[in-house]
Amino acid sequence: MTLLRDDDLARAFDHASHTYDRLTALNPGYRTDLLRSARRLRLPRDGAGLHLLDLGCGTGASTRALLRAAPRARITAVDASSGMLRRALAKPWPAQVRFLHLTAEEAAAAGEEPYDAVFAAYLFRNVTDPDGVLGTVRSLLRPGGRLAVHEYSLSGSPAHRAVWTAVCRGVIIPAGTLSGDGALYRHLWRSVLDFDTAPAFTARLTGAGFTGVRAAPVAGWQTGIVHTFLARNGPAGLLAAGDAR
């Protein structure tokens with residue numbers, strides 16, 4: 001199948017936004033794993049004085065995880081889908097959280113100050129030019145700033161590939177089809193199979209100029225299927241004092 005890209009993908013997410021939260025709630029550990037990835041940023045002082053970017057925030061599940069991990073931080077959350085953003089905005093948020101309708105590339109041109117950390121959940125499979133977006137992320141991060149990517153990225157094991165296909169064919173695609181969004185969930189299945197394995201994405205991050213790159217698996221049935229990728233924008237910077245926290 002041909003993967004959805006750019007405007008076609010944004011429209012598919014717009015259409016799916018009204019059922020997206022209900023479908024992701026069927027995934028055991030979905031929100032717990034997002035929180036674990038956000039906490040792996042190890043932001044000091046509960047994020048006090050920090051400005052964080054949630055890149056590809058969707059309906060706000062990743063934003064909520066970031067807020068729980070750093071409740072005193074200022075958070076800017078962006079997404080290319082207006083429908084997903086409407087769902088996010090309909091939820092209660094504290095004053096330090098704001099949402100913007102922007103692509104990653106547009107976020108770089110928005111004139112914001114450099115961010116102390118970037119959290120990107122389920123984003124990189126869905127962009128046409130992942131290397132270009134990684135370059136954008138580096139331009140958005142201050143020197144020494146932190147990146148956490150939470151992504152479907154298979155380990156490379158045939159067993160994990162088979163588990164992913166079985167879950168998609170048995171649960172995800174049928175549930176998405178019932179809601180009228182079969183094309184989006186078939187895209188989800190295929191995009192994971194076609195995307196970098198965890199070792200390949202780790203190498204991609206290193207090649208983009210990030211340092212201290214490592215991959216950590218999530219727990220449960222998604223072990224070997226979803227990973228947290230952690231990196232810095234160059235040498236350790238102002239946040240280093242919080243690492244012992």
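Worth saying up front: this structure is predicted, and the values here are computed from it rather than measured. (Residues numbered from 1 in each chain as written. Predicted model: local features only at pLDDT ≥ 70, side-chain atom pairs only at ≥ 80, totals over all residues. Heavy atoms only, no water.)

### Details of the nonpolar core
- In terms of nonpolar packing, the biggest core is built from 52 residues, with L34, L52, F99, Y152, W164, L184 and Y185 touching the most fellow members.
- The contacts of Y152, once residues within four sequence positions are left out, are N27, Y122, R125, W164, L188, V192, F195, Q222, I225 and V226.
- Core analysis: the next-biggest nonpolar cluster, separate from the first, contains 27 residues, L102, V118, L141 and F210 among them. (Core = buried A, V, L, I, M, F, W, Y, C linked by side-chain atoms within 4.5 Å. Buried < 20%, exposed > 50% of the residue type's maximum accessible area, 1.4 Å probe, protein only. Contact = heavy atoms within 4.5 Å.)

### Details of the pattern of salt bridges
- Tallied over the full model, the rule gives eight salt bridges.
- One salt bridge connects R204 with D196, and the closest N-O pair in it is separated by 2.6 Å.
- We classify R204 as partly exposed; its relative accessible area is 21%.
- Salt bridges sharing partners connect three or more residues here, namely D131, D196 and R204. (Salt bridge = Lys/Arg side-chain N within 4 Å of Asp/Glu carboxyl O.)

### Details of the confidence of the model for the protein
- Taken over all residues, the pLDDT of the protein has a mean of 93, while the share at 70 or more is 96%.
- Throughout residues 240–245 the model reports pLDDT below 50, and contacts reaching past four residues in sequence, or to other chains, amount to 12 contacts. (pLDDT = per-residue confidence, 0-100.)

### Comments concerning the pairing of strand β2 (residues 74–79)
- In terms of residue burial, β2 counts as a mostly covered element, since five of its six residues are buried.
- Pairing between strand β1 (residues 51–55) and β2: five bridges, direction parallel. Of the residues in β2, the one forming a bridge with L55 is V78.
- Between β1 and its parallel partner β2, the chain crosses via helix α3 (residues 61–69), and the hand of that crossover is right-handed.
- Running through helix α4 (residues 82–89), the crossover from β2 to the neighbouring parallel element strand β3 (residues 97–101) is right-handed. (Helix = DSSP H or I, 4+ residues; strand = E, 2+ residues; numbered from the N terminus. Pairing = 2+ DSSP bridges. Right-handed = clockwise from strand over helix to strand, strands pointing away.)

### Side note on the pairing of β1
- Along β1, five of the five residues are buried, which leaves the element largely enclosed by surrounding structure.
- Side chains of β1 alternate between two faces, with H51, L53 and L55 and L52 and D54 buried alike.
- With three bridges joining them, β1 and strand β4 (residues 115–121) adopt parallel strand pairing. Its bridge partner being in β4, L53 is matched across the sheet by V118.

### Some thoughts on the environment of S157
- Turning to its location among the elements, S157 is positioned in the loop between β5 (141–152) and α7 (158–178).
- The exposure class assigned to S157 is partly exposed, which follows from its relative accessible area of 26%.
- C-alpha of S157 to C-alpha of T197: the two residues are 40 residues apart in sequence and 9.2 Å apart in space.

### Let's talk about the packing of helix α2 (residues 30–39) against α3
- Contact geometry of α2 with α3 gives a least axis separation of 8 Å together with a crossing angle of 50 degrees. The pairing of α2 with α3 is recorded here as oblique in orientation. For the pair α2 and α3, the sense of crossing is right-handed. The residues of α3 that touch α2, namely those facing Y30, L34, L35, A38 and R39, are A61, S62, A65, L66, R68 and A69.
- Its residues assigned to classes, the contact of α2 with α3 comprises eight nonpolar, one polar and two charged. (Axes fitted to C-alpha atoms, helices over the stretch in contact; angles between N-to-C directions. Parallel < 35°, antiparallel > 145°, perpendicular 65-115°, else oblique. Left-handed = near helix turned anticlockwise from the far one by under 90°. Nonpolar A, V, L, I, M, F, W, Y, C, P; charged D, E, K, R; others polar.)

### Quick word on a negative patch on the surface
- On the surface, a cluster of negative charge is made up of D6, D7, E105, E106 and D129.
- For the negative patch, the secondary structure elements donating two or more residues are α1 (6–24) and α5 (104–108).
- Inspection of the secondary structure assignment puts D129 in the loop between β4 and α6 (130–140). (Patch = residues over 30% accessible without salt bridge, like charges linked within 9 Å, V, L, I, M, F, W, Y side chains within 5 Å. Areas by Shrake-Rupley, 256 points an atom, 1.4 Å probe, with all protein chains shown as cover. Lys, Arg positive; Asp, Glu negative; His and termini not counted. Charge placed at Lys NZ, Arg CZ, Asp CG, Glu CD.)

### Comments concerning the environment of T2
- By the secondary structure assignment, T2 is in the segment before α1.
- Residues T2 and D129, 127 residues apart in the sequence, show an inter-C-alpha distance of 16 Å.

### Looking at the packing of aromatic side chains
- For the structure on display, the rule yields eight aromatic pairs.
- Between Y152 and W164 the ring centres are 4.8 Å apart and the planes differ by 45 degrees, which places this aromatic pair in the tilted class. Linking Y152 in strand β5 with W164 in helix α7, this pair joins segments that are 12 residues apart in sequence.
- Judged by its relative accessible area of 0%, W164 is buried.
- An aromatic cluster is defined as three or more aromatic residues linked by ring pairs; in this entry it consists of Y30, Y122, Y152 and W164.
- Sitting over the face of the ring of W93, R64 holds its NZ or CZ atom 3.8 Å from the ring centroid.
- Stacked on the ring of F210, the Lys or Arg R138 has its end atom at 5.9 Å from the ring centre. (Phe/Tyr/Trp six-rings, centres within 6.5 Å; stacked < 30°, edge-to-face > 60°. Lys NZ or Arg CZ within 6 Å of the ring centre and 35° of its normal.)

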